[in-house]
Amino acid sequence: AKRSKRNADLLLKELEKNPDDTYFIFQLGQAYFMMEDYESAVQAYGKALTYDLDPHLEYVQSMVESYGYALLYTKRYQEALGLEGVYEEFAVNADFCFLMGLIYMNNALFDLAIQEFLNATKQKMCKVIGADSYRAYYNIGVIYECTGRIDEALKYSGMCGEFEPAKGRIESLT
């Protein structure tokens, strides 16, 4: 946390000289995110995303995903739905599809959430371990369980392999 705080301070100084440097703004957001100051992270990412950014740049993809998580962590579920507006550009990896699944889940849009978790399992690129497999299946199982469709819940929980939370769900359902 000390390192993140030091980074944030250095980045703020750098931004006084170069206020429009979106990479520095992104790094500032990352420093706040690491300190679990999601409120400040939302502000930083939100500012950087007002610029015209190339969605193919890796840091831009990371920023959009981190922004989505920061919105969820600050319970801005409605606002997070705004990421639908950049779906075409960013749904190129499992991580973004998985994030959209979580956003839909938190907005009680369960059919869309299931669709996105399934999309995540079809992507070739994935940074977060399990976002393209057992984590996605686990969330589908949770949705089915919450909506009373126990057979489907068991099916998807069973597709999670050795993922402990899924084993726990299967135990409690059978």
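Please refer to the structure placed before this passage.
The text that follows walks through the structure, step by step, so that each part is easy to find. (Residues numbered from 1 in each chain as written. Predicted model: local features only at pLDDT ≥ 70, side-chain atom pairs only at ≥ 80, totals over all residues. Heavy atoms only, no water.)

1. Topic: the pattern of salt bridges
So, step 1. If you walk through the whole model with that rule in mind, you get 10 salt bridges.
So, step 2. Across the pair Glu145 and Arg169 runs a salt bridge whose closest N-O atoms are separated by 2.7 Å. Of this pair, Glu145 sits in helix H9 (residues 134-146) while Arg169 sits in helix H11 (residues 164-173), and the two are 24 residues apart along the sequence.
So, step 3. Each of the salt bridges in this network shares a partner with another, and the network as a whole consists of Glu39, Arg76 and Glu79. (Salt bridge = Lys/Arg side-chain N within 4 Å of Asp/Glu carboxyl O. Helix = DSSP H or I, 4+ residues; strand = E, 2+ residues; numbered from the N terminus.)

2. Section: unusual backbone geometry
So, step 1. Positive phi, normally seen in glycine, also occurs at Glu36, with a value near 65 degrees.
So, step 2. Overall, the relative accessible area of 58% leaves Glu36 in the exposed class.
So, step 3. The phi angle at Ala108 is positive, at roughly 60 degrees, despite the residue not being glycine.
So, step 4. Its location among the elements puts Ala108 in the loop between helix H7 (94-106) and helix H8 (110-121). (Buried < 20%, exposed > 50% of the residue type's maximum accessible area, 1.4 Å probe, protein only.)

3. Some details on the packing of aromatic side chains
So, step 1. Counted by the stated rule, this structure contains 14 aromatic pairs.
So, step 2. Between Phe33 and Tyr73, the ring centres sit 6.0 Å apart and the planes meet at 40 degrees, which makes this aromatic pair tilted. One end of the pair, Phe33, is in helix H2 (residues 22-34); the other, Tyr73, is in helix H4 (residues 58-73), and 40 residues separate them in sequence.
So, step 3. What makes Phe33 buried here is its relative accessible area of 18%.
So, step 4. Ring centres of Tyr87 and Phe96 lie 6.0 Å apart, and the angle between their planes is 55 degrees; on these two criteria the pair is classed as tilted. Exposure class is identical for Tyr87 and Phe96. Each is buried.
So, step 5. Through a chain of ring-to-ring contacts, three or more aromatic side chains come together here, namely Phe33, Tyr38, Tyr69 and Tyr73. (Phe/Tyr/Trp six-rings, centres within 6.5 Å; stacked < 30°, edge-to-face > 60°.)

4. Considering helix H10 (residues 150-158)
So, step 1. All of the buried residues in H10 are Ala153, Tyr156 and Ser157. Buried residues of H10, viewed axially, fall in a sector of 100 degrees; they line one side. (Arc of directions from axis to C-beta.)

5. Considering the layout of surface pockets
So, step 1. Put simply, the largest pocket is a space of about 210 Å³.
So, step 2. As for the largest pocket, its lining consists of Gln30, Phe33, Ser62, Glu65, Ser66, Tyr69, Tyr73, Asp95, Phe98, Lys127, Val128 and Ala131.
So, step 3. Residue assignment for the lining of the largest pocket shows that the elements contributing at least two residues are H2, H4 and H7.
So, step 4. The leading source of residues in the lining of the largest pocket is H4, at five residues. (1 Å grid on protein atoms, 1.4 Å probe; cavity = no way out; pocket = protein on both sides within 12 Å on 5 of 7 lines; lining within 4 Å. Points joined across faces, edges and corners; volume = space filled by probe spheres on them.)

6. What to know about the nonpolar core
So, step 1. The biggest cluster of nonpolar side chains holds 57 residues, and the ones touching the most others in it are Tyr45, Leu83, Phe96, Phe98, Ile103 and Phe117.
So, step 2. Dropping the residues within four chain positions of it, Phe117 is found in contact with Phe98, Gly101, Leu102, Met105, Ala136, Asn139, Ile140 and Ile143. (Core = buried A, V, L, I, M, F, W, Y, C linked by side-chain atoms within 4.5 Å. Contact = heavy atoms within 4.5 Å.)

7. Regarding the packing of H9 against H10
So, step 1. For the pair H9 and H10, interaxial distance at closest approach is 8 Å and the crossing angle is 165 degrees. By the angle between their axes, H9 is roughly antiparallel relative to H10. For the pair H9 and H10, the crossing hand works out as left-handed. Contact with H9, carried on its side by Tyr137, Ile140, Gly141, Tyr144 and Glu145, involves Ile150, Glu152, Ala153, Tyr156 and Ser157 of H10 and no other residues of that element.
So, step 2. For the contact of H9 with H10, the class distribution of residues is six nonpolar, two polar and two charged. (Axes fitted to C-alpha atoms, helices over the stretch in contact; angles between N-to-C directions. Parallel < 35°, antiparallel > 145°, perpendicular 65-115°, else oblique. Left-handed = near helix turned anticlockwise from the far one by under 90°. Nonpolar A, V, L, I, M, F, W, Y, C, P; charged D, E, K, R; others polar.)

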